[in-house]
Amino acid sequence: MATNQAPHPTHYFADLYTFDWSQLSWREPVIAALAVAVCLVGGIVFGHPAGGLIAGGGAMTVGFGAGMRIGQSRLWPMIAATLVMALSTFVGMIAGHHGFSLLLVSTLWALNYGLMTALAPGIAWVGQQAAVFLFVSSAFPASPRAALMRESLILLGGAIQILVTSVFLRRL
């Protein structure tokens, strides 16, 4: 009788529908949520709640990067994602004005993401965020000035998330 039998078919996808509650940790999600809260409260305090929402969206997305790795670093995925999300937001908002431009940059971003999936998961995640931000921002065509403002808010949210996450993960 062979000892290398395949898993029973009903248990093959067990890791998809079971949750190991002993692995649950609130530490990282609470730290990431803190940065989002800073952005939202900051938007209200400075009288620009919509800007706070945009920065908070950048912070939220970058917060997922804390669970990613590029090499041994948690920070590199967060830094890279912040930069490509901001660039993609700007390009998407500008390209949203013209069908051919949008087709061209969407193709380039999708190709980039496809190529990055052959690399490490942290790198692929960065490519995915670039593509998502390009596609979403293209639905909001704007002038270069408005696109630069939104890009800056994404950068701000990402920077706040990187700062909060790096400080609190070291301390707690």
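Here, the structure is the one placed above.
As a starting point, this report considers the structure included with it. Please read all numbers here as calculations on a predicted model, not as lab measurements.

## Focus on helix 5 (residues 99-116)
Okay, so step 1: Between its terminal C-alpha atoms helix 5 stretches 26 Å, which fits the 26 Å expected from 18 residues at 1.5 Å a residue.
Okay, so step 2: All of the buried residues along helix 5 are Val105, Ser106, Trp109 and Met116. End-on, the buried residues of helix 5 take up no more than an arc of 105°, which puts them together on one face. Residues of helix 5 that are exposed and angled more than 90 degrees away from the buried face: Gly99, Phe100, Leu103, Leu111 and Leu115.
Okay, so step 3: Where helix 5 is buried, its residues touch helix 4 (75-95) and helix 6 (121-137).

## Considerations on the packing of helix 3 (residues 49-64) against helix 6
Okay, so step 1: Put simply, helix 3 and helix 6 touch, their axes get as near as 11 Å, and they point 155° apart. Taken together, the axis directions place helix 3 and helix 6 in an arrangement best described as roughly antiparallel. You can see that helix 3 and helix 6 cross each other, and the crossing is right-handed. Contacts between helix 3 and helix 6 involve Thr61, Val62 and Phe64 on the former and, on the latter, Trp125, Gln129 and Phe133.

## What about the environment of Gly43?
Okay, so step 1: In this structure, Gly43 sits in helix 2 (residues 27-45).
Okay, so step 2: It is 8.5 Å that separates the C-alpha atoms of Gly43 and Ala55, two residues lying 12 residues apart in sequence.
Okay, so step 3: Excluding residues within four positions of it along the chain, Gly43 makes contact with His48, Pro49 and Gly52.

## Re the nonpolar core
Okay, so step 1: If you look at the biggest cluster of nonpolar residues, it comprises 11 residues: Val62, Ala66, Met78, Ala81, Met85, Ala86, Trp125, Val126, Phe133, Ile154 and Ile162.
Okay, so step 2: If you list the elements that add at least two residues to this core, you get helix 4, helix 6 and helix 7 (144-171).
Okay, so step 3: In contact with Trp125, not counting residues within four places along its chain, are Thr61, Val62, Phe64, Gly65, Met68, Pro77 and Ala81.
Okay, so step 4: With nine residues, the next largest nonpolar core counts Ile31, Ala55, Ile160 and Leu169 among its residues.

## Describing the packing of helix 4 against helix 5
Okay, so step 1: Taken N-terminus to C-terminus, the directions of helix 4 and helix 5 make an angle of 155°; their axes are 8 Å apart at the nearest point. By the angle between their axes, helix 4 is roughly antiparallel relative to helix 5. The two elements helix 4 and helix 5 meet at a crossing, and its hand is left-handed. Across the interface between the two elements, Leu87, Ser88, Val91 and Ala95 from helix 4 touch Ser101, Leu102, Val105 and Trp109 from helix 5.

Cut-off values and rules
Residues numbered from 1 in each chain as written. Predicted model: local features only at pLDDT ≥ 70, side-chain atom pairs only at ≥ 80, totals over all residues. Heavy atoms only, no water. Helix = DSSP H or I, 4+ residues; strand = E, 2+ residues; numbered from the N terminus. Expected span 1.5 Å × (residues − 1). Buried < 20%, exposed > 50% of the residue type's maximum accessible area, 1.4 Å probe, protein only. Arc of directions from axis to C-beta. Contact = heavy atoms within 4.5 Å. Axes fitted to C-alpha atoms, helices over the stretch in contact; angles between N-to-C directions. Parallel < 35°, antiparallel > 145°, perpendicular 65-115°, else oblique. Left-handed = near helix turned anticlockwise from the far one by under 90°. Core = buried A, V, L, I, M, F, W, Y, C linked by side-chain atoms within 4.5 Å.

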